[in-house]
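One-letter residues, chain by chain:
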Amino acid sequence: MGLFPCDFFKFLVKRPLYTTGFIIVVAFIILGCIAPYILTKPEDAWGVTYDLNKAFQPPSPEYPFGTDAYGRDMLNRVILGSRYSLIIAVCVVGLSLIIGVIVGLVAGYLAGIIGTVLMRLTDMFLAYPPLLLAVAFASVLGRGVLTAIIALAISWWPWYARLMYISVNSVKSALYVEAAKVIGLSKFTIMTKYILPNSLIPVVTQAMLDMGSAILEASALSFLGVGVPPPIPEWGRLISEGWVYVSKAYWITFFPGLVLLVTVVGFNLLGDAVKEYMNPRLRSIVAKR
Amino acid sequence: MSTSKPLLSIRGLSIDYYTLSGIIHAVRRVDLELCSGESLCIVGESGSGKSTLGVALSLALPLNAVVKSGSIIYNDIDLLRARRDVIDKIKGREITMIFQDPLATFSPLHTIGEHLEDIAISKLGISKREASNIVVDVLKKVRMPDVDRVLKSYPHELSGGMLQRAAIGAAILTKPKIIVADEPTSMLDATIQAQILSLLKELVRSEGTSLVLITHNLGVALRVCEKTAIMYAGVIVEDGSTLDIIKEPLHPYTKSLLASIPRSSHRVSRIIHIQGEPLDPRLEVSGCPFANRCPSARDKCFESVDYVKIGDRRVYCNLYSR
């Protein structure tokens, strides 16, 4: 069972809501890819402008999303921000998902000493508040997009490892795993072919829900002075920078927030779609919504 | 017992489970023989150790089970002490198993075709194309309707009867010498039960496979197997030909078991049940495990008891000893 064969598109077509989610996500990924080439005011977007005469302009035809405290066009900053926010979100969640799933799967299925060691290691990471851990790693590794991703992934994977571990434990006592053992299939086959797909569903769903949190967490890092260096625009930073002026100039926070909201909803819908698609029992039902 | 050399013989097998509430003696000093092409039914109530015996035969005892004594000899190989690579060749290939719940036997995310092909590829070491041919043949053999659709179906899309047919298909795929079927029909409704049982019986006959059928239902035993062993508290209390046992039960437990079957011909106001409680599986017994419930128990029964041979049959009771 492949994860995204063309069946997935057939599946999507019948479900308009999930199609919407899929389109949102794809649209933002495309936007992130082409962002630097479609900017109308690149110097505003990259944050090199400093023109207090244009500061706090409300949304207008010239500045559809208004301008910020330094007189930069918010639309351009939001467009360029999509690149960094999406890269961070996808990489952080993707990286943690891969590590977490492998650790959880091996620990859950092999149990014994290997399992105990892996899970106690996970617990060690879980014992620290995630943001603190990320800040600590980011400040050691230095500033930059890549270090932000690594720092966040380090604090993020243990949650998936735990979830995967629990999921594997419930799946491994199922009769079909028992049957596979009686047949005498190898441990590796049982683990990858039967246990992995069956226990992946809750973890993948959680990962999709976490996309938004990853973007916000990245902004928390930059807010604390580690992570992505200013003035690179990144949605989390745009929101936190504008927050100070929210009573005076709502648009600085509102538009990046709106875009973030739409993206997160898109990812959540896609997450639901993937969850439903992965479970053949749900796949065959055409949802009436 | 038959004179030809048995395919499988169990000698003095005792299996304990180590649990938090103590050591459970699930199987006690069991001796059994199974000849090639023969079908043997193990009948017993819940907790009598019949399933443990079945799992031991299919070499899949859980980690907390300990074989205290005895051996399972198959083709001159002691399965409980054989090397890993020898076991790998026998397990799932020469000895296969059918489970009680057909829906839970299959992974919900894989089609029936994938399941069966996996078994064929890993156990017979053949290519995917050969495997899919074999799978189609096997499904035809178990008289699966609409084979092409079934191959592409997920377990939840099929009925219990069809799934159990597929599970039987999976069990005969490797042309095993022995099939262990643990209550294969208890989750199915009565009409499907009859179909599945006659299918099993027919396949065993046509393929020359031996069958170990585990059930709590003597009717099932009568329908499929020529030989039956009655199990109580981990002990085989009586074995012999199925027909003889049902016509003329020897052990008091078998007698009470048969008496407790409700009959439609007699009008009885109450179902007759066996008085008393089953033996605590944590207790060690030297005498008859049924003695505390037995209407004809004597003092000696609590101390010692041995098998008595009566013709082809064997009974674990002092009533018949001379």
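A short note on the sheet that holds strand 3 (residues 39–44) of chain B
Residues and elements named next belong to chain B. The eight strands lie next to each other as 6-7-8-3-9-10-12-11, forming an open sheet whose pairing is mixed. Of all strands in the sheet, those bounded by a partner on one side alone are strand 6 (95–98) and strand 11 (307–310). Between one strand axis and the next, the sheet turns by 20° as a mean value, whatever way the strands run. One ladder, built from six bridges, connects strand 9 (residues 227–232) with strand 10 (residues 235–241); its direction is antiparallel. Each bridged residue has a counterpart across the sheet, and for Lys 227 the counterpart in strand 10 is Ser 241.

Quick look at the interface of chain B and chain A
Each partner contributes to the interface: chain B provides 21 residues, whereas chain A provides 16 residues. For the side of chain B that touches chain A, the elements supplying multiple residues, two or more each, are helix 3 (102–105) and helix 4 (112–124) of chain B. Residue contributions to the side of chain B that touches chain A peak at three residues, all from helix 4 of chain B. A breakdown of the residues in the side of chain B that touches chain A according to their chemical character gives nine nonpolar, seven polar and five charged.

Topic: helix 1 (residues 50–57) of chain B
Residue and element names in this part refer to chain B. When you tally the buried positions in helix 1, you get seven out of eight residues, the bulk of the element. Within the sequence span of helix 1, burial applies to Lys 50, Thr 52, Leu 53, Gly 54, Val 55, Ala 56 and Leu 57. Looking one or two residues beyond helix 1, the residue adopting positive phi is Leu 59, at roughly 60°.

Re the pairing of strand 1 (residues 8–19) of chain B
Residues and elements named next belong to chain B. In this structure, strand 1 lies alongside strand 4 (residues 65–74), joined through eight bridges in antiparallel fashion. By the bridge assignment, Ser 9 is partnered in strand 4 with Ile 73. One ladder, built from nine bridges, connects strand 1 with strand 2 (residues 22–34); its direction is antiparallel. Across the sheet, the residue bridging to Tyr 17 is Ile 24, located in strand 2. Hairpin geometry of strand 1 and strand 2 is characterised by an intervening segment of two residues between the two adjacent antiparallel strands.

Calculation notes
Residues numbered from 1 in each chain as written. Chains lettered and ligands numbered in written order. Predicted model: local features only at pLDDT ≥ 70, side-chain atom pairs only at ≥ 80, totals over all residues. Pairing = 2+ DSSP bridges. Helix = DSSP H or I, 4+ residues; strand = E, 2+ residues; numbered from the N terminus. Axes fitted to C-alpha atoms, helices over the stretch in contact; angles between N-to-C directions. Contact = placed C-beta atoms within 7 Å. Nonpolar A, V, L, I, M, F, W, Y, C, P; charged D, E, K, R; others polar. Buried ≥ 20, exposed ≤ 12 C-beta atoms within 10 Å, placed from the backbone.

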